[in-house]
Amino acid sequence: MTNQVKSFSDYLKEDTNAITFAFGRFNPPTSGHEKLMNAVKKLARGGTYRIYPSQSQDAKKNPLDFKLKVKFMRKMFPKHARNIMADKGMRTAFDVIVALYDQGYTEVTFVAGEDRVIEFDKLFNKYNGVKGRHGFYQFENGVKVVSAGERDPDAEGAVGMSASKLRAAASENNLKLFAKGMPKGFKEIESLFISLYQMKQAHSLECWQNNHLVGGIYGLACLLYTSDAADEEDSVDLGGRRII
(Lines give C-alpha, C1' and ligand atoms only; values in the text may rest on other atoms or scores of the structure.)
Protein backbone atom coordinates (compact mmCIF):
# COMPACT_ATOMS: atom_id res chain seq x y z
CA MET A 1 0.00 0.00 0.00
CA THR A 2 1.53 3.32 -1.06
CA ASN A 3 1.34 6.50 0.99
CA GLN A 4 -0.76 9.22 -0.57
CA VAL A 5 1.19 12.38 -1.32
CA LYS A 6 -0.42 15.43 0.25
CA SER A 7 -1.07 18.44 -1.91
CA PHE A 8 -0.18 22.00 -0.94
CA SER A 9 -3.86 22.71 -0.24
CA ASP A 10 -3.94 19.77 2.21
CA TYR A 11 -1.03 21.21 4.16
CA LEU A 12 -2.63 24.64 4.07
CA LYS A 13 -5.86 23.22 5.48
CA GLU A 14 -3.96 21.48 8.28
CA ASP A 15 -2.21 24.72 9.17
CA THR A 16 -5.48 26.66 9.36
CA ASN A 17 -7.00 24.09 11.73
CA ALA A 18 -5.06 25.62 14.61
CA ILE A 19 -5.74 29.06 16.05
CA THR A 20 -4.47 31.14 18.97
CA PHE A 21 -6.56 33.89 20.53
CA ALA A 22 -6.99 36.29 23.41
CA PHE A 23 -10.15 37.80 24.83
CA GLY A 24 -10.24 40.86 27.07
CA ARG A 25 -11.84 44.16 28.02
CA PHE A 26 -9.06 46.44 26.66
CA ASN A 27 -10.78 49.38 28.33
CA PRO A 28 -8.76 51.33 27.58
CA PRO A 29 -6.09 49.62 25.46
CA THR A 30 -2.59 50.17 26.85
CA SER A 31 1.07 49.48 26.18
CA GLY A 32 0.61 46.43 28.41
CA HIS A 33 -1.92 45.05 25.95
CA GLU A 34 0.66 45.38 23.20
CA LYS A 35 2.75 42.89 25.15
CA LEU A 36 -0.22 40.51 25.23
CA MET A 37 -0.81 40.78 21.48
CA ASN A 38 2.86 40.20 20.73
CA ALA A 39 2.73 37.08 22.92
CA VAL A 40 -0.35 35.78 21.09
CA LYS A 41 1.32 36.26 17.72
CA LYS A 42 4.52 34.58 18.91
CA LEU A 43 2.64 31.60 20.34
CA ALA A 44 0.77 31.21 17.03
CA ARG A 45 4.15 30.54 15.36
CA GLY A 46 3.15 32.03 12.06
CA GLY A 47 -0.34 30.56 12.19
CA THR A 48 -3.72 32.19 12.64
CA TYR A 49 -4.27 34.39 15.68
CA ARG A 50 -7.06 36.73 16.74
CA ILE A 51 -7.71 39.34 19.41
CA TYR A 52 -11.31 39.60 20.63
CA PRO A 53 -12.34 42.71 22.60
CA SER A 54 -15.30 42.24 24.92
CA GLN A 55 -18.47 44.30 24.59
CA SER A 56 -18.87 45.09 28.28
CA GLN A 57 -19.67 48.74 28.92
CA ASP A 58 -20.27 50.66 32.12
CA ALA A 59 -19.07 54.00 33.47
CA LYS A 60 -16.76 52.53 36.11
CA LYS A 61 -14.68 49.77 34.51
CA ASN A 62 -15.66 49.77 30.83
CA PRO A 63 -16.25 53.37 29.77
CA LEU A 64 -15.40 52.98 26.06
CA ASP A 65 -18.11 51.47 23.87
CA PHE A 66 -17.25 48.50 21.65
CA LYS A 67 -17.06 50.34 18.33
CA LEU A 68 -14.88 53.15 19.67
CA LYS A 69 -12.63 50.72 21.52
CA VAL A 70 -11.96 48.66 18.39
CA LYS A 71 -11.23 51.84 16.46
CA PHE A 72 -8.58 52.96 18.95
CA MET A 73 -7.11 49.46 19.26
CA ARG A 74 -6.54 49.16 15.52
CA LYS A 75 -4.85 52.54 15.41
CA MET A 76 -2.79 51.87 18.51
CA PHE A 77 -1.61 48.43 17.37
CA PRO A 78 -1.29 48.67 13.55
CA LYS A 79 0.79 45.47 13.36
CA HIS A 80 -2.16 43.56 14.78
CA ALA A 81 -4.99 45.63 13.24
CA ARG A 82 -6.19 42.88 10.91
CA ASN A 83 -6.31 40.43 13.81
CA ILE A 84 -8.38 42.63 16.11
CA MET A 85 -11.92 41.37 15.64
CA ALA A 86 -15.02 43.58 15.54
CA ASP A 87 -17.49 40.72 15.88
CA LYS A 88 -20.47 41.81 17.97
CA GLY A 89 -21.55 38.19 18.38
CA MET A 90 -18.54 37.43 20.58
CA ARG A 91 -19.68 38.58 24.02
CA THR A 92 -17.74 36.01 26.07
CA ALA A 93 -14.70 33.79 25.63
CA PHE A 94 -17.13 30.85 25.42
CA ASP A 95 -18.80 32.50 22.43
CA VAL A 96 -15.40 32.68 20.73
CA ILE A 97 -14.51 29.04 21.44
CA VAL A 98 -17.88 27.79 20.19
CA ALA A 99 -17.56 29.92 17.03
CA LEU A 100 -14.03 28.64 16.35
CA TYR A 101 -15.23 25.06 16.72
CA ASP A 102 -18.09 25.75 14.30
CA GLN A 103 -15.59 27.28 11.86
CA GLY A 104 -13.70 23.98 11.73
CA TYR A 105 -10.70 24.67 13.94
CA THR A 106 -9.47 21.54 15.70
CA GLU A 107 -6.77 23.07 17.90
CA VAL A 108 -7.48 26.15 20.01
CA THR A 109 -5.03 27.98 22.26
CA PHE A 110 -6.23 30.70 24.62
CA VAL A 111 -3.66 33.21 25.93
CA ALA A 112 -4.26 34.66 29.40
CA GLY A 113 -2.43 36.42 32.20
CA GLU A 114 -0.28 34.19 34.42
CA ASP A 115 -2.63 34.60 37.39
CA ARG A 116 -5.66 33.28 35.46
CA VAL A 117 -4.24 30.35 33.50
CA ILE A 118 -5.36 27.67 35.99
CA GLU A 119 -8.82 29.23 36.31
CA PHE A 120 -9.46 29.36 32.56
CA ASP A 121 -7.95 25.92 31.95
CA LYS A 122 -10.38 24.33 34.41
CA LEU A 123 -13.35 26.34 33.14
CA PHE A 124 -12.93 25.81 29.39
CA ASN A 125 -12.04 22.13 29.63
CA LYS A 126 -14.82 21.40 32.11
CA TYR A 127 -17.28 22.08 29.29
CA ASN A 128 -15.31 20.51 26.44
CA GLY A 129 -17.74 18.08 24.84
CA VAL A 130 -20.60 19.26 27.06
CA LYS A 131 -23.65 20.91 25.50
CA GLY A 132 -25.08 23.77 27.53
CA ARG A 133 -26.22 27.40 27.53
CA HIS A 134 -22.79 28.42 26.29
CA GLY A 135 -23.22 26.26 23.17
CA PHE A 136 -21.09 23.27 22.22
CA TYR A 137 -17.47 22.57 21.34
CA GLN A 138 -15.38 19.43 21.43
CA PHE A 139 -11.64 19.48 20.82
CA GLU A 140 -9.72 16.22 20.92
CA ASN A 141 -6.96 17.72 23.06
CA GLY A 142 -9.19 20.18 24.88
CA VAL A 143 -8.67 23.94 24.96
CA LYS A 144 -5.03 24.79 25.60
CA VAL A 145 -4.55 27.73 27.96
CA VAL A 146 -1.12 29.36 28.12
CA SER A 147 0.37 32.37 29.87
CA ALA A 148 1.21 35.65 28.18
CA GLY A 149 3.69 36.32 30.97
CA GLU A 150 3.33 37.47 34.57
CA ARG A 151 1.86 40.94 34.82
CA ASP A 152 2.59 43.16 37.82
CA PRO A 153 0.23 46.19 37.93
CA ASP A 154 2.68 48.16 40.07
CA ALA A 155 5.78 47.60 37.95
CA GLU A 156 7.38 50.26 35.75
CA GLY A 157 7.04 50.23 31.97
CA ALA A 158 4.67 48.12 29.89
CA VAL A 159 4.25 45.42 32.52
CA GLY A 160 2.75 47.81 35.05
CA MET A 161 0.53 49.91 32.80
CA SER A 162 -2.82 48.41 33.69
CA ALA A 163 -6.10 49.65 32.23
CA SER A 164 -7.33 50.45 35.75
CA LYS A 165 -4.42 52.86 36.26
CA LEU A 166 -5.21 54.65 33.03
CA ARG A 167 -8.91 54.86 33.83
CA ALA A 168 -7.96 56.48 37.12
CA ALA A 169 -5.61 58.90 35.34
CA ALA A 170 -8.39 59.91 32.93
CA SER A 171 -10.87 60.32 35.77
CA GLU A 172 -8.38 62.62 37.53
CA ASN A 173 -7.75 64.52 34.28
CA ASN A 174 -4.06 63.56 34.41
CA LEU A 175 -2.96 63.44 30.76
CA LYS A 176 0.75 63.22 31.63
CA LEU A 177 0.30 60.01 33.61
CA PHE A 178 -2.14 58.64 31.04
CA ALA A 179 0.36 59.15 28.21
CA LYS A 180 2.91 56.94 30.00
CA GLY A 181 0.65 53.97 29.38
CA MET A 182 0.45 54.47 25.62
CA PRO A 183 2.66 52.62 23.10
CA LYS A 184 5.34 54.58 21.26
CA GLY A 185 4.13 55.96 17.96
CA PHE A 186 0.46 56.21 18.92
CA LYS A 187 -0.64 59.65 17.72
CA GLU A 188 -4.15 59.86 19.15
CA ILE A 189 -3.37 59.90 22.86
CA GLU A 190 -5.33 63.09 23.52
CA SER A 191 -8.32 61.88 21.52
CA LEU A 192 -8.47 58.63 23.51
CA PHE A 193 -7.93 60.53 26.76
CA ILE A 194 -10.81 62.93 26.05
CA SER A 195 -13.14 60.10 25.03
CA LEU A 196 -12.28 58.16 28.16
CA TYR A 197 -12.59 61.21 30.41
CA GLN A 198 -16.01 62.12 29.08
CA MET A 199 -17.35 58.60 29.41
CA LYS A 200 -15.83 58.10 32.84
CA GLN A 201 -17.74 61.18 33.98
CA ALA A 202 -21.13 59.81 32.89
CA HIS A 203 -23.87 60.24 35.45
CA SER A 204 -27.31 58.93 36.17
CA LEU A 205 -29.47 62.02 35.70
CA GLU A 206 -32.43 61.79 38.08
CA CYS A 207 -35.61 63.85 37.97
CA TRP A 208 -37.39 64.40 41.30
CA GLN A 209 -40.75 66.02 42.04
CA ASN A 210 -42.12 66.51 45.56
CA ASN A 211 -39.45 64.15 46.95
CA HIS A 212 -40.37 61.40 44.47
CA LEU A 213 -38.21 60.06 41.65
CA VAL A 214 -40.28 60.58 38.50
CA GLY A 215 -37.73 59.77 35.79
CA GLY A 216 -34.17 60.02 34.61
CA ILE A 217 -31.54 59.11 32.04
CA TYR A 218 -28.47 56.94 32.59
CA GLY A 219 -25.12 57.59 30.98
CA LEU A 220 -25.14 61.34 30.36
CA ALA A 221 -22.01 63.36 30.92
CA CYS A 222 -23.31 66.88 31.20
CA LEU A 223 -23.42 70.40 32.55
CA LEU A 224 -26.49 71.13 34.63
CA TYR A 225 -27.85 74.60 35.20
CA THR A 226 -29.08 75.62 38.63
CA SER A 227 -32.01 78.03 38.67
CA ASP A 228 -29.83 80.90 39.88
CA ALA A 229 -26.95 80.03 37.57
CA ALA A 230 -29.29 79.83 34.60
CA ASP A 231 -30.45 83.38 35.20
CA GLU A 232 -26.84 84.52 35.17
CA GLU A 233 -25.99 82.26 32.19
CA ASP A 234 -23.59 80.39 34.44
CA SER A 235 -23.27 76.65 34.72
CA VAL A 236 -22.31 73.92 37.16
CA ASP A 237 -19.72 71.52 35.74
CA LEU A 238 -20.55 67.88 36.40
CA GLY A 239 -17.82 66.63 34.14
CA GLY A 240 -18.68 66.64 30.49
CA ARG A 241 -21.06 67.81 27.82
CA ARG A 242 -23.51 70.64 28.11
CA ILE A 243 -27.22 70.06 27.95
CA ILE A 244 -29.70 72.93 27.52
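Conventions we followed
All residue numbers refer to position in the chain's written sequence, counted from 1. Reporting in this predicted model follows two pLDDT cut-offs: at least 70 for local features of residues, and 80 or more for side-chain atom pairs to be given and counted; totals over whole chains, interfaces and linings ignore these cut-offs and use all residues. Hydrogen atoms and water are omitted, and side-chain values are computed over all heavy atoms in the structure. Secondary structure elements are taken from DSSP: a helix is a run of H or I of four residues or more, a strand is a run of E of two residues or more, and numbering for both begins at the N terminus. Contacts were defined at the residue level, with two residues in contact if any of their heavy atoms lie within 4.5 Å. Scored between 0 and 100, pLDDT is the confidence that the predictor attaches to each residue. Buriedness for pockets is judged along seven lines, at least five of which must meet protein on both sides within 12 Å for an open set on the 1 Å grid over protein atoms alone, while cavities are sets there where a 1.4 Å probe fits but cannot get out, and lining residues have an atom within 4 Å of a point. Grid points are joined across faces, edges and corners, and a volume is the space filled by probe spheres set on the points. Throughout, the ten residues Ala, Val, Leu, Ile, Met, Phe, Trp, Tyr, Cys and Pro are labelled nonpolar, Asp, Glu, Lys and Arg are labelled charged, and all others, Gly among them, are labelled polar. Only protein chains enter the accessibility calculation, which uses a 1.4 Å probe. A residue is then buried if its area is under 20% of the maximum for its type, exposed if over 50%, and partly exposed in between. Two strands are said to pair when DSSP picks up at least two bridges between them. Viewed with both strands pointing away, a crossover whose connecting path from the first strand over the helix to the second turns clockwise is right-handed. By convention a nonpolar core is built from buried Ala, Val, Leu, Ile, Met, Phe, Trp, Tyr and Cys residues, the set being connected through side-chain atoms within 4.5 Å. One fewer than the residue count of a helix, multiplied by 1.5 Å, yields its expected span. Every axis in this analysis is a line fitted to C-alpha atoms, fitted for helices over the stretch in contact. Angles between the N-to-C directions lie between 0 and 180 degrees. Each Phe, Tyr or Trp ring, with Trp reduced to its six-membered ring, pairs with another whose centre is within 6.5 Å; inter-plane angles below 30 degrees give stacked pairs, above 60 give edge-to-face pairs, and intermediate values give tilted ones. Any Lys NZ or Arg CZ found within 6 Å of a ring centre and within 35 degrees of that ring's normal is scored as a charge over the ring. Any N or O atom pair separated by 3.5 Å or less is treated as a polar contact, with the protein-specific requirement of one donor-capable and one acceptor-capable atom, and with residues adjacent in sequence counted only for side-chain atom pairs.

(A) Geometry of the overall build of the protein. Helix and strand counts for the protein come out as nine helices and nine strands. Intrachain contacts of the protein at a sequence separation of at least 6 include 60% that bridge at least 24 residues.

(B) Region of interest: the confidence of the model for the protein. Mean pLDDT over the protein works out to 80, with 70% of the residues at or above the 70 mark. Ignoring residues within four places in sequence, the model shows residues 202–206, a span with pLDDT below 50, making 20 contacts including any to other chains. Below pLDDT 50 for its whole length, residues 217–244 participates in 51 contacts with residues either more than four positions away or in separate chains.

(C) Representation of the layout of surface pockets within the structure. For the second largest pocket, the calculated volume is near 430 Å³. Residue assignment for the lining of the second largest pocket shows that the elements contributing at least two residues are strand E1 (18–24), helix H2 (31–44), strand E3 (107–112) and strand E4 (143–147). Grouping the amino acids of the lining of the second largest pocket by side-chain chemistry returns six nonpolar, eight polar and four charged.

(D) Fine view of the pairing of E1. For E1, the tally of buried residues reaches five of seven residues, placing the bulk of the element in the interior. Relative to E3, E1 runs parallel, the two being bridged by four bridges. Note that in E3 the partner of threonine 20 across the bridge is threonine 109. Bridge analysis of E1 against strand E2 (residues 48–53) gives six bridges, and the strand direction is parallel. Residue pairing for E2: isoleucine 19 is matched across the bridge by threonine 48. Handedness of the crossover joining E1 and E2 through H2: right-handed.

(E) Expanded view of the nonpolar core. Counting residues in each nonpolar core, the largest one holds 30 residues, and the members touching the most others are Ile51, Phe178 and Leu192. Breaking this core down by element, the ones donating at least two residues are H2, E2, helix H3 (66–76), helix H6 (163–171) and helix H8 (189–200). For this core, the element with the most residues is H3, which contributes six residues. Discounting chain neighbours no more than four positions away, the residues touching isoleucine 51 are Ala22, Phe26, Met37, Val40, Met73, Asn83, Ile84 and Met85.

(F) Spotlight on H2. The first and last C-alpha atoms of H2 sit 20 Å apart over 14 residues, in line with the 20 Å expected at 1.5 Å per residue. Along H2, the residues classified as buried are Ser31, Gly32, His33, Leu36, Met37, Ala39, Val40 and Ala44. Phi for arginine 45, located one or two positions after H2, is positive at around 55 degrees.

(G) Quick look at the sheet that holds E2. One open sheet accounts for four strands, arranged E2-E1-E3-E4; its pairing is parallel. Both edges of this open sheet fall to E2 and E4, since each of them pairs with a single strand only. Averaged over all pairs of adjacent strands, the angle between strand axes in this sheet comes to 25 degrees, irrespective of strand direction. Docked against the sheet, helix H4 (residues 93–102) engages E1, E2, E3 and E4, running at close to 160 degrees with respect to E1.

(H) Quick peek at the packing of aromatic side chains. According to the stated counting rule, one finds 12 aromatic pairs in the structure shown. Centroid distance tyrosine 101 to phenylalanine 136: 5.8 Å. Interplanar angle 80 degrees. Geometry classified as edge-to-face. Here tyrosine 101, found in helix H4, pairs with phenylalanine 136, found in the loop between helix H5 (117–126) and E4; they are 35 residues apart in sequence, far enough to count as distant. Phenylalanine 136 sits in the partly exposed class, given a relative accessible area of 27%. Here the aromatic residues Phe21, Tyr52, Phe94, Tyr101, Phe110, Phe120, Phe124, Tyr127, Phe136, Tyr137 and Phe139 are joined through ring pairs into a cluster of three or more. Sitting over the ring of phenylalanine 72, lysine 71 keeps its end group 5.8 Å from the ring centre.

(I) Quick peek at the environment of histidine 33. Mapped onto the fold, histidine 33 is located in helix H2. You can call histidine 33 buried: its relative accessible area is 11%. Note: C-alpha distance between histidine 33 and phenylalanine 77 (44 residues apart in sequence) is 9.2 Å. For histidine 33, the residues in contact, after removing those within four places along its chain, are Phe26, Pro28, Phe77 and Ala163.

(J) Highlighting the side chain of histidine 134. Tracing the sequence through the fold places histidine 134 in the loop between H5 and E4. Looking at histidine 134, its side chain comes within polar contact range of the main-chain oxygen of valine 130, at 3.2 Å. With sequence-adjacent residues up to four places away left out, histidine 134 is seen in contact with Phe94, Val98 and Tyr127.

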